[in-house]
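# Breakdown of the fold
These are the residues of each chain, in order.
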Amino acid sequence: MHGHHQQNTRERPCSDDATDELEDQKPMITLYPPNRTSSTGTSGCLGSPMRRAPGLEALHALCREIYPEQTNPLTVTAVLKYWLGGPDPLDYISMYENPGCPELGVPPHWHYISMGLSDLHGDGRVHNRSGPGRPSGFGFELTFRLARERGECSPPTWPAAVLQQLAKYVFSSGNLLMPGDHVSWHAPFDPSRGPSRITQILMDNDAQLPPNYATPHGDVSFVQIVGVTSDELRAVQHWNGQGVLNLLKSTRDCGPWLVTDLRRARSVLEEDPSIAEKIRIGLEREGSNLSGVSAKCWWVQMGGEKSTISYRDRRENSDDDEEEVDIKPKIKSERMSPCDQDDAMSEDEAGVRVFHGLHLHFNLEAGSLLPLALRGRVLHGRHFTYKSIISQSAVTLVAPTVTGTFVSKDRPYVMQGTWLQVLLSDELAEKMSRDFLILNTPDQLQLPKTFSWPEHRLAITIVHD
């Protein structure tokens, strides 16, 4: 997943059940139809709750401005609220019937609006208290627009599961989702309908909702999730999210309001070859805006005449200092220590470890982004980071012109704490970029595949996902 721009320091709610990122779990929901009162005293979406919730009332008021004839829409709500220990962070997801805009080429669709990432109550039960001019809760809510199918009389409820999973990620990680971000979802949005080309997610501003809406508990923006194909996601990764979103808005399949249609059988790159050319030109001219991804990666040091010396991570909660496990995706501890110490590595008093040889390992999905990391980032004088999806360890590929690093020409492979930096000269990056061309056609790869540059004492192995 990309979109982790800043760490949110607000208090976590009392539930411990939302710590897994995007796990495959449907939300515990109840559907409230119009004119039906729930057991909590809330009628539909807009009935008066038993206790006043000013933030929720402000969101309801905004929805009434956009949908004045739908004052009591169908609403999905968590059976057990998150602040009472339930698994689903969003208190409510309101579902509206949108007629679209024929003049703009926007089809009729269902409009989903979450309520819970911002502060609904203002009493500290979920979010730290805020106020005018500051973010309310996480400062945003999620929305989604789903194309309405012929004869469909009520909105599907499966989008609520997608929104809840994204909200769980935000609550458990503290990371925000922002326009231009993307999520490598890798699964059909609605598994019940079978295979679909729409398996990935982009983020943009909602076209009908204000970019910054003031509530009694602070400001709220509205981030719309947009279903896209894997080809379109790769275009974002190779160039930038906002550039691709702007191109999608100009197409018939997505339109200016970026309505998601699960029936879409072709990517916009297949429909219009000129879009692929615009992306290629943008990448060559501007490089990539993608500065890093979450990934499965680990490394070993190469030293002297020994083959490799593995870097390992001590087991969490282990009393035995000798018991260690390889640094691979299942590690949870952030303390990394080598199995052996010899002249292949030196360590200074500040805890900076210098490797004289390095062997990096990436799974196929992470490795397939290496051409982008080099051609779109390092060769444009930038950096690119692979961050572990389990622990805090990270690998950053660094261009010589990047400032503030702890690598140098004499010390190209340096680890400080759990952060490994790898300095790549322009000459080496060019050579690696040519060698990695085969990664653009992963179906032709025989894995594991190792690339090596002995003169630089550097190797990279790509393994199965």
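Residues numbered from 1 in each chain as written. Predicted model: local features only at pLDDT ≥ 70, side-chain atom pairs only at ≥ 80, totals over all residues. Heavy atoms only, no water.

A word on the overall build of the protein chain. Summing up its helical and strand segments, the protein chain has nine helices and 23 strands in all. Partitioning the intrachain contacts of the protein chain with sequence separation of at least 6 by distance along the chain shows that 67% fall at a separation of at least 24. (Helix = DSSP H or I, 4+ residues; strand = E, 2+ residues; numbered from the N terminus. Contact = heavy atoms within 4.5 Å.)

A cluster of nonpolar side chains, contributed by V79, L80 and L84, occupies part of the molecular surface with about 270 Å² of accessible area. Here L80 lies in the loop between β2 (74-78) and β3 (92-98). What makes L80 partly exposed here is its relative accessible area of 37%. (Patch = residues over 30% accessible without salt bridge, like charges linked within 9 Å, V, L, I, M, F, W, Y side chains within 5 Å. Areas by Shrake-Rupley, 256 points an atom, 1.4 Å probe, with all protein chains shown as cover. Salt bridge = Lys/Arg side-chain N within 4 Å of Asp/Glu carboxyl O. Buried < 20%, exposed > 50% of the residue type's maximum accessible area, 1.4 Å probe, protein only.)

For the protein chain, the mean per-residue pLDDT works out to 80, and 78% of the residues sit at or above 70. Mean pLDDT in the protein chain bottoms out at strand β14 (residues 336-338), which sits at 27, and peaks at strand β4 (residues 109-115), which reaches 98. This model gives residues 3-29 a pLDDT under 50, and the stretch forms 79 contacts once residues within four places in sequence are excluded. Taken as a whole, residues 305-345 scores under 50 in pLDDT and shows 93 contacts with residues more than four places along the chain or in a different chain. (pLDDT = per-residue confidence, 0-100.)

Where helix α3 (residues 230-238) meets helix α4 (residues 241-249), the closest approach of the two axes is 7 Å, and the angle between their N-to-C directions is 135°. In terms of orientation, α3 and α4 fall into the oblique class. Facing α3, whose interface residues are E232, A235 and V236, α4 presents G241, V244 and L248. Class assignment for the residues of the contact of α3 with α4 results in four nonpolar, one polar and one charged. (Axes fitted to C-alpha atoms, helices over the stretch in contact; angles between N-to-C directions. Parallel < 35°, antiparallel > 145°, perpendicular 65-115°, else oblique. Nonpolar A, V, L, I, M, F, W, Y, C, P; charged D, E, K, R; others polar.)

On to the pattern of salt bridges, then. Enumeration over the complete set of coordinates arrives at 15 salt bridges. In this structure, the salt-bridge partner of R52 is E57, at a minimum N-O distance of 3.5 Å. With a shortest N-O distance of 2.7 Å, E277 and R280 are connected by a salt bridge. Of this pair, E277 and R280 both sit in helix α6 (residues 273-286), three residues apart, roughly one helical turn. Residue classification places E277 among the partly exposed residues on the basis of a relative accessible area of 36%. On the basis of relative accessible area, R280 is assigned to the partly exposed category, the value being 44%. One salt-bridge network, in which partners are shared between bridges, spans R197, D231, R234 and E270.

One finds Y386 and L424 to be the most contacted residues of the largest nonpolar core, which totals 47 residues. The element best represented in this core is helix α8 (residues 370-377), accounting for four residues. Those residues in contact with L424, other than ones at most four positions away along the chain, are L374, V378, L397, V398, A399, P400, A429, M432 and L458. Membership of the second largest hydrophobic core comes to 35 residues, among which are V76, V162, Y169 and F171. (Core = buried A, V, L, I, M, F, W, Y, C linked by side-chain atoms within 4.5 Å.)

Left-over empty space is what a probe sized like a water molecule reveals as it rolls over the atoms. This model, assessed by the stated rule, comprises three cavities of 30 Å³ or more. Taken as a whole, the largest cavity holds about 50 Å³ of empty space. What lines the largest cavity is Y82, W83, P89, D91, G116, S118, L120, H121, V126 and H127. For the lining of the largest cavity, the per-class residue count stands at five nonpolar, four polar and one charged. (1 Å grid on protein atoms, 1.4 Å probe; cavity = no way out; pocket = protein on both sides within 12 Å on 5 of 7 lines; lining within 4 Å. Points joined across faces, edges and corners; volume = space filled by probe spheres on them.)

This next bit is on the environment of E284. Among the secondary structure elements, E284 is positioned in helix α6. A relative accessible area of 48% means that E284 is categorised as partly exposed. Spatially, the C-alpha atoms of E284 and W239 are 8.9 Å apart, while their sequence positions differ by 45 residues.

Moving on: the environment of S388. You can see S388 is positioned in strand β18 (residues 383-388). The sequence separation of S388 and V293 amounts to 95 residues, and the corresponding C-alpha distance is 8.7 Å. Ignoring any residue separated from it by four or fewer positions in sequence, one finds S388 in contact with A295 and S393.

For the structure shown, the criterion picks out 13 aromatic pairs. Ring centres of Y112 and F144 lie 6.0 Å apart, and the angle between their planes is 40°; this geometry places the pair in the tilted category. One end of the pair, Y112, is in strand β4; the other, F144, is in strand β5 (residues 135-147), and 32 residues separate them in sequence. Here Y112 falls in the buried class, since its relative accessible area comes to 0%. Given the relative accessible area of 1%, F144 is considered buried. Aromatic rings pair up to connect Y112, F144, W158, W185 and F189 into one cluster. Lying across the ring of W83, R125 places its NZ or CZ 4.3 Å from the centre. Over the ring of F451 we find K449, and its NZ or CZ is 5.5 Å from the ring centre. (Phe/Tyr/Trp six-rings, centres within 6.5 Å; stacked < 30°, edge-to-face > 60°. Lys NZ or Arg CZ within 6 Å of the ring centre and 35° of its normal.)

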